[in-house]
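Structure assessment
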Amino acid sequence: TSENLVIGGGSSGKGKEKEDAFSVAQAKDNIGATDVWVTGYIVGGDLSSSRCSFTAPFTSRTNVAIAAKSSCTDKESCLSVQLSSGAVRDALNLMDNPSNRGHRVLLKGDLVGAYYGFPGIKGITEFELD
């Protein structure tokens, strides 16, 4: 008997459907992919090329960081997230919504090699916050 098991990526980990969302690690391995789903936990914000804040108060509405674990405090383990103006920024930013920290989020957008100095997702078109 054998079984195939994919962790953090639904049945295929292709990212094209919510059920197959990339994990943070898979997203980093698929830089350049467009219009894909990524899942992780909101762990911080106030991104710069040299730092990420993991504790409140937060001062920026334009970005957050997500990670595979809600307890993450290591920038290198995170994926940066650009929060464009509108519904995405209003709902997800930690300055106005500090209680979002630690919550799981699904994001649909484009994977980039660097946003504030580390791999990220930009151009969010859809999201779900658990």
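Residues numbered from 1 in each chain as written. Predicted model: local features only at pLDDT ≥ 70, side-chain atom pairs only at ≥ 80, totals over all residues. Heavy atoms only, no water.

**Things to note about the overall build of the chain**
When helices and strands are counted, the chain shows two helices and five strands. Counting from the amino terminus, helix and strand elements in the chain follow one another as α-β-β-β-α-β-β. Rg of the C-alpha trace for the chain: 14 Å, near the compact-globule value of 14 Å for 130 residues, within the 12% margin. Once the C-alpha set of the chain is aligned to its principal axes, its extents read approximately 50 × 25 × 25 Å. Out of the 130 residues belonging to the chain, those deemed buried represent 42%. (Helix = DSSP H or I, 4+ residues; strand = E, 2+ residues; numbered from the N terminus. Rg over C-alpha atoms; globule rule 2.2 N^0.38 Å. Buried < 20%, exposed > 50% of the residue type's maximum accessible area, 1.4 Å probe, protein only.)

**A look at the sheet that holds strand β1 (residues 36-45)**
One closed barrel accounts for five strands, arranged β1-β2-β3-β5-β4; its pairing is mixed. Ignoring which end each strand starts from, the neighbouring axes of this sheet average 55° apart. Bridge count for β1 against strand β4 (residues 104-115) is six bridges, and the pairing is antiparallel. Across the sheet, the residue bridging to Trp37 is Lys108, located in β4. (Pairing = 2+ DSSP bridges. Axes fitted to C-alpha atoms, helices over the stretch in contact; angles between N-to-C directions.)

**Thoughts on the pairing of strand β5 (residues 118-129)**
In this structure, strand β3 (residues 79-82) lies alongside β5, joined through two bridges in parallel fashion. Pairing of Val81 across the sheet is with Ile121, part of β5. The pairing of β4 with β5 spans eight bridges and is antiparallel. Directly across from Leu107, in β5, lies its bridge partner Phe127.

**Side note on the confidence of the model for the chain**
Across the chain, the average pLDDT comes to 91, with 90% of residues at or above 70. Segment residues 1-11 is flagged for pLDDT under 50; beyond a separation of four residues in sequence, or across chains, it makes 15 contacts in the model. (pLDDT = per-residue confidence, 0-100. Contact = heavy atoms within 4.5 Å.)

**Some thoughts on the packing of aromatic side chains**
Evaluated as defined, the whole model comprises one aromatic pair. Centroid distance Tyr115 to Tyr116: 4.8 Å. Interplanar angle 70°. Geometry classified as edge-to-face. Residue Tyr115 is classed as buried on the basis of its relative accessible area of 11%. A relative accessible area of 35% means that Tyr116 is categorised as partly exposed. (Phe/Tyr/Trp six-rings, centres within 6.5 Å; stacked < 30°, edge-to-face > 60°.)

**Side note on the nonpolar core**
The biggest cluster of nonpolar side chains holds 20 residues, and the ones touching the most others in it are Val38, Ile66, Val81, Leu107 and Ile121. Elements with a minimum of two residues in this core: α1 (24-29), β1, β2 (63-67), β3, α2 (87-92), β4 and β5. Each residue touching Val81, except ones within four places of it in the same chain, is listed here: Leu47, Thr62, Asn63, Val64, Ile66, Leu107, Tyr115, Ile121 and Ile124. Leu47, Cys52, Phe54 and Ala67 belong to the second largest nonpolar core, which has nine residues in total. (Core = buried A, V, L, I, M, F, W, Y, C linked by side-chain atoms within 4.5 Å.)

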